[in-house]
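Listed here are the chains, written in short residue letters.
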Amino acid sequence: MGQPQAHERIQYIVEGGHRLSGTITPSGNKNAALPIVAAALLTDQRVELRNVPRIRDIEALVELIQSVGAEARWLGRNELEIRAANLRPADLDPDLCARIRASILLAGPMLARCGEIRLPPPGGDVIGRRRVDTHFLALEQLGAKITVDDAYHFTAEKLTGADVFLDEPSVTATENALCAAVYAEGTTILRNCASEPHVQDLAHFLNAMGASIEGIGSNVMTIHGGAKLGGTTHTIGTDHIEVGSLIGLAAVTKSEITIKDAGVEHLRATLMGFERLGIRCEIRGNDLHIPADQEMRVQDDFGGHIPIISDQPWPAFPADTMSIAIVTATQCEGVVMMFEKMFESRMFFVDKLIAMGARIVLCDPHRAIVAGPSKMRGARLESPDIRAGMAMLIDAMCAEGTSTINNAQQIERGYERIDERLNAMGAKITRVPART
């Protein structure tokens, strides 16, 4: 189906200044699909997943689960069938693991099914240090032994339920702990756990397989382990980060668009953050409508003080939407401080925005002051990670002239055929090479 090759270099050539119009449906949540694909290894029965985003990270994880004996095949563009009847604790391909951080999500399921996994260090975005300690601490409390040399070697003769306190509400550590706990004998209480929509989606998927998880959506979950898990059919939820990206895109290009099936129940913090920038959205059932006539004026704090938009663990403003909010703020009247608390390298892409005309002061690795509106001009750019790449694409679409975005395969790790879908609404994005 015209999937990109693993090491293919992709370029987007973007002609700025075009307004978009129409309706767009966001993809399934990448950060839900990845742990759910991994968790499908917990049963030897058939699992069918729907609304799976057909993106690079998913394709790489599918290759990884096939390498340990799982059968996986695409039933349609976004439908994936998995059956893990004959798993083996084989060494994972270091090159595949280096491509995606999600490879670490195999630790919990493989420990549960095989009692062992040897995992090369995971890759992914270069957005700062991303600890794996929380994974180790949680799995150790459930009975795993972990040794580290040039890889992480997990073993467990038996997994046993425990009262586990995570030292930080890590999303992927929570997901690994959930997968191990549903297989463990006895009850596990998981405290200070992450509660993002993708974590909730995984927990609902596990329950559909026969697990017993209570407290979904909170920071304390109780897992009654030991039940035999069976097959199921599950639909991946909407990607709320892609919805946030589309809100920012509509605002800066002064476009009127409707986002279908937007998963509005998960958007409260996102909508609140954009409202601080003078951008309002209309909720219409489960759809989101963004009018073209946005105020685009930063809402000062009481007393006229400069407002701060900061990311925090769920249910606060999502870290993955921060890059989008920064580029959106460059087109809003007023001054705002953007405070990225989660990753110390995520803001380093703002120098590219400054080169395009943005007025941004990078105070330190975590804080930037943005003054707008700024007139942006086309430039030659390099995408460092998924979200910064999408922010650059948004900036290029509102800039005067033509921009070239190199390393655009990073964008395609998280956004399915985004160039085609935006072009259908009036954008002018040329992908090099073109899809076959």
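Scroll up for the structure.
The present account deals with the structure reproduced in this document. These numbers were taken from a predicted model, which means no experiment stands behind them.

What follows covers the overall build of the chain. A count of helical and extended segments in the chain gives 14 helices and 23 strands. Taking the principal axes of its C-alpha atoms as reference, the chain extends roughly 60 × 55 × 45 Å. In the chain, buried positions account for 58% of the 436 residues. The long-range share in the chain, meaning contacts at least 24 apart out of those at least 6 apart in sequence, stands at 72%. Working note: accessible area of the chain is about 16,600 Å², and carbon and sulfur atoms make up 49% of it. Within the chain, the 55 negative side-chain charges are centred at a point lying 3 Å from the centre of the 44 positive side-chain charges.

This paragraph deals with the pattern of salt bridges. Going through the model one piece at a time under the given rule, you end up with 32 salt bridges. The partner of arginine 118 in a salt bridge is aspartate 149, with the nearest N and O atoms 3.0 Å apart. Placement of the pair is arginine 118 in strand β6 (residues 116-119) and aspartate 149 in the loop between β7 (145-148) and β8 (152-155), with a sequence separation of 31 residues. Measuring nitrogen to oxygen at the nearest pair gives 2.8 Å for the salt bridge that ties arginine 284 to glutamate 282. Residue classification places glutamate 282 among the partly exposed positions, given a relative accessible area of 28%. Counted as one network, the salt bridges with shared partners bring together Glu412, Arg417, Asp419, Glu420, Arg431 and Arg435.

Within the secondary structure, arginine 421 sits in helix α14 (residues 418-423). At a separation of 3.0 Å, a polar atom in the side chain of arginine 421 contacts the main-chain carbonyl oxygen of threonine 25. Engagement of the side chain of arginine 421 in a polar contact is seen with the backbone oxygen of glutamate 416, the distance being 2.9 Å.

Before going further, it helps to examine the packing of aromatic side chains. Counted under the stated rule, the structure contains two aromatic pairs. With 5.1 Å between their ring centres and 75° between their planes, phenylalanine 136 and tyrosine 152 make a pair best called edge-to-face. On the criterion of sequence distance, the pair formed by phenylalanine 136 in helix α5 (residues 133-141) and tyrosine 152 in strand β8 is long-range, its members being 16 residues apart. The exposure classification of phenylalanine 136 matches that of tyrosine 152, with both residues buried. With centroids separated by 5.7 Å and ring planes inclined at 65°, the aromatic side chains of phenylalanine 136 and phenylalanine 154 adopt a geometry described as edge-to-face. Taken together, the residues phenylalanine 136 in helix α5 and phenylalanine 154 in strand β8 connect sequence positions 18 residues apart.

Attention shifts here to the packing of helix α8 (residues 240-252) against helix α12 (residues 386-398). It is at 9 Å that the axes of α8 and α12 come closest, and there the two elements cross at 20°. The angle between α8 and α12 places the two elements in the roughly parallel class. Remark: the crossing between α8 and α12 carries right-handed chirality. Between α8, through Ile241, Ser245, Gly248, Leu249 and Val252, and α12, the contact on the second element is made entirely by Arg387, Met390, Ile394, Met397 and Cys398. Class assignment of the residues belonging to the contact of α8 with α12 gives a composition of seven nonpolar, two polar and one charged.

Relative to strand β12 (residues 220-224), strand β10 (residues 187-191) is paired through five bridges, and the arrangement is antiparallel. Along β12, the bridge assignment pairs threonine 188 with isoleucine 223. Bridging between strand β11 (residues 212-214) and β12 involves three bridges; their strand directions are antiparallel. The residue bridging serine 212 from the neighbouring strand is histidine 224, located in β12. Taking the residues between adjacent antiparallel strands as the criterion, β11 and β12 are bridged by five residues, where glycine 215 takes a positive phi near 85°.

Through backbone hydrogen bonds, the strands of a sheet pair up, either in parallel or in antiparallel fashion. The strand order β17-β18-β20-β19 describes an open sheet built from four strands, whose pairing is mixed. Because the sheet does not close on itself, it has two edges, and the strands there are β17 (308-310) and β19 (359-364). Each strand of the sheet is rotated relative to its neighbour by a mean of 20°, with strand direction disregarded. Relative to strand β18 (residues 334-339), β17 is paired through three bridges, and the arrangement is parallel. Opposite serine 310, over in β18, you have phenylalanine 339 as the bridge partner. Along the sheet face, helix α10 (residues 322-329) touches β17, β18, β19 and β20 (367-372) and points at about 165° away from the line of β18.

Along the chain, the position of glutamate 412 falls in helix α13 (residues 409-412). A relative accessible area of 6% places glutamate 412 in the buried class. A distance of 2.8 Å separates a polar atom in the side chain of glutamate 412 from a polar atom in the side chain of arginine 431.

Moving on, we come to α8. A turn of α-helix holds 3.6 residues, and therefore any two residues three or four places apart point the same way. A rise of 1.5 Å per residue sets the reference length of α8, with its 13 residues, at 18 Å; its end C-alpha atoms lie 19 Å apart and thus fit the reference within 8%. Across the 13 residues of α8, 13 count as buried, placing the element largely inside the fold. With a side-chain oxygen positioned 2.9 Å from the backbone nitrogen of isoleucine 241, the residue opening α8 is aspartate 239. A positive backbone phi angle near 55° is found at lysine 254, which sits one or two residues after α8.

Helix α1 (residues 30-39) sits mainly inside the fold: 10 of its 10 residues count as buried. Within α1, the full set of buried residues consists of Lys30, Asn31, Ala32, Ala33, Leu34, Pro35, Ile36, Val37, Ala38 and Ala39. The opening residue of α1, the one whose side-chain oxygen lies 2.8 Å from the backbone nitrogen of asparagine 31, is asparagine 29.

Let us look at the sheet that holds strand β15 (residues 282-284). Pairing is mixed in the open sheet, where four strands are placed in the order β2-β14-β16-β15. Here the strands that pair on one side only, and so sit at the sheet edges, are β2 (21-24) and β15. Neighbour to neighbour, the strand axes of the sheet diverge by 20° on average, direction disregarded. Across the sheet, α8 is in contact with β2, β14 (256-259) and β16 (287-290); its angle to β14 comes to roughly 170°.

Conventions adopted
- Residues numbered from 1 in each chain as written.
- Predicted model: local features only at pLDDT ≥ 70, side-chain atom pairs only at ≥ 80, totals over all residues.
- Heavy atoms only, no water.
- Helix = DSSP H or I, 4+ residues; strand = E, 2+ residues; numbered from the N terminus.
- Buried < 20%, exposed > 50% of the residue type's maximum accessible area, 1.4 Å probe, protein only.
- Contact = heavy atoms within 4.5 Å.
- Areas by Shrake-Rupley, 256 points an atom, 1.4 Å probe, with all protein chains shown as cover.
- Lys, Arg positive; Asp, Glu negative; His and termini not counted.
- Charge placed at Lys NZ, Arg CZ, Asp CG, Glu CD.
- Salt bridge = Lys/Arg side-chain N within 4 Å of Asp/Glu carboxyl O.
- Polar contact = N/O pair within 3.5 Å; in protein donor to acceptor, adjacent residues only side chain to side chain.
- Phe/Tyr/Trp six-rings, centres within 6.5 Å; stacked < 30°, edge-to-face > 60°.
- Axes fitted to C-alpha atoms, helices over the stretch in contact; angles between N-to-C directions.
- Parallel < 35°, antiparallel > 145°, perpendicular 65-115°, else oblique.
- Left-handed = near helix turned anticlockwise from the far one by under 90°.
- Nonpolar A, V, L, I, M, F, W, Y, C, P; charged D, E, K, R; others polar.
- Pairing = 2+ DSSP bridges.
- Expected span 1.5 Å × (residues − 1).

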